[in-house]
Amino acid sequence: MAEGLRFRTARNLFEAYPDAARDMLASPTDEPPADFCRALLGGKTPEEAITFCAWLLPMPASIWWAHECLDNLGELFDEPDRRLLAQVGDWVGAGGNGPPLLEVMATPDQRTPAVWIALATGRSVELPAARAVNAGILAGLARVALEDRHDVLAAFVEMGLQLAGNEALQRSDA
């Protein structure tokens, strides 16, 4: 799977997205992205694996991944967040071509996990989608019980890597 990803190496991703390097403490290597990401998961700051996946996935796949991660935590969210997640699911289901879900900007002081994901639909220069996706997933993960957090984090990362591989296969078939 790693060979078909958008980037041959983790270093290639960091070169393409300098903001990714600023979002992480990890130094890029010449490892394939999936190997690098799994190494992050086993490192001192496993949350960086989420950050790396957020930058690895293309739009709107990254938003779909975030939606799926948060949807798995649905019981941890209130009704407004669940409704907003449903809107994000509809937005991605429409190919990510609909208007961005920026009505959440009306309450800028509220940055729940679902709000972050909705903000990612705006494709803003000030807030890259990858950064909003990362913030949303990590904010959702913070609601998970500490004893379950690493297992949930690992499942999210594997889901992201699988989606990245699927996206690569679709590009190669096109």
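Look up a bit, the structure's there.
Residues numbered from 1 in each chain as written. Predicted model: local features only at pLDDT ≥ 70, side-chain atom pairs only at ≥ 80, totals over all residues. Heavy atoms only, no water.

Trainee: Outline the overall build of the chain, listing residues and values.
Mentor: Within the chain one finds 9 helices and 0 strands. The long-range share in the chain, meaning contacts at least 24 apart out of those at least 6 apart in sequence, stands at 60%. For the chain, the exposed area adds up to about 8500 Å²; of that, 54% sits on carbon and sulfur atoms. (Helix = DSSP H or I, 4+ residues; strand = E, 2+ residues; numbered from the N terminus. Contact = heavy atoms within 4.5 Å. Areas by Shrake-Rupley, 256 points an atom, 1.4 Å probe, with all protein chains shown as cover.)

Trainee: For the packing of aromatic side chains, give the residues involved together with the corresponding values.
Mentor: Evaluation of the coordinates by the stated rule reveals 5 aromatic pairs. Ring geometry for Phe7 against Tyr17: centres 6.0 Å apart, planes inclined by 75 degrees, an arrangement best described as edge-to-face. Note that Phe7 is positioned in the segment before helix H1 (10-16) and Tyr17 in the loop between H1 and helix H2 (18-23), a separation of 10 residues in sequence. A network of ring pairs unites the aromatic residues Phe7, Tyr17 and Trp55 as a single cluster. Directly above the ring of Trp116 sits Arg111, whose terminal nitrogen or CZ lies 5.6 Å from the centroid. (Phe/Tyr/Trp six-rings, centres within 6.5 Å; stacked < 30°, edge-to-face > 60°. Lys NZ or Arg CZ within 6 Å of the ring centre and 35° of its normal.)

Trainee: Go over the pattern of salt bridges, please, and point to the residues and values.
Mentor: Summed over all chains, the structure comprises 7 salt bridges. Measuring nitrogen to oxygen at the nearest pair gives 4.0 Å for the salt bridge that ties Arg131 to Asp19. Remark: Asp19 occurs in helix H2 and Arg131 occurs in helix H8 (residues 129-141); sequence separation between them is 112 residues. When its relative accessible area of 25% is taken as the criterion, Arg131 is described as partly exposed. Look at Asp19 and you get partly exposed, because its relative accessible area is 22%. As a salt-bridge pair, Arg131 and Asp23 come within 2.9 Å of each other at their nearest N and O atoms. On the criterion of sequence distance, the pair formed by Arg131 in helix H8 and Asp23 in helix H2 is long-range, its members being 108 residues apart. We classify Asp23 as partly exposed; its relative accessible area is 26%. Taken together, the shared-partner salt bridges in this structure form one network comprising Asp19, Arg22, Asp23 and Arg131. (Salt bridge = Lys/Arg side-chain N within 4 Å of Asp/Glu carboxyl O. Buried < 20%, exposed > 50% of the residue type's maximum accessible area, 1.4 Å probe, protein only.)

Trainee: Go over unusual backbone geometry, please, and point to the residues and values.
Mentor: The amide bond that connects Met59 to the next residue, Pro60, takes the cis arrangement and shows omega of -5 degrees. Within the secondary structure layout, Pro60 lies in the loop between helix H4 (48-56) and helix H5 (61-71).

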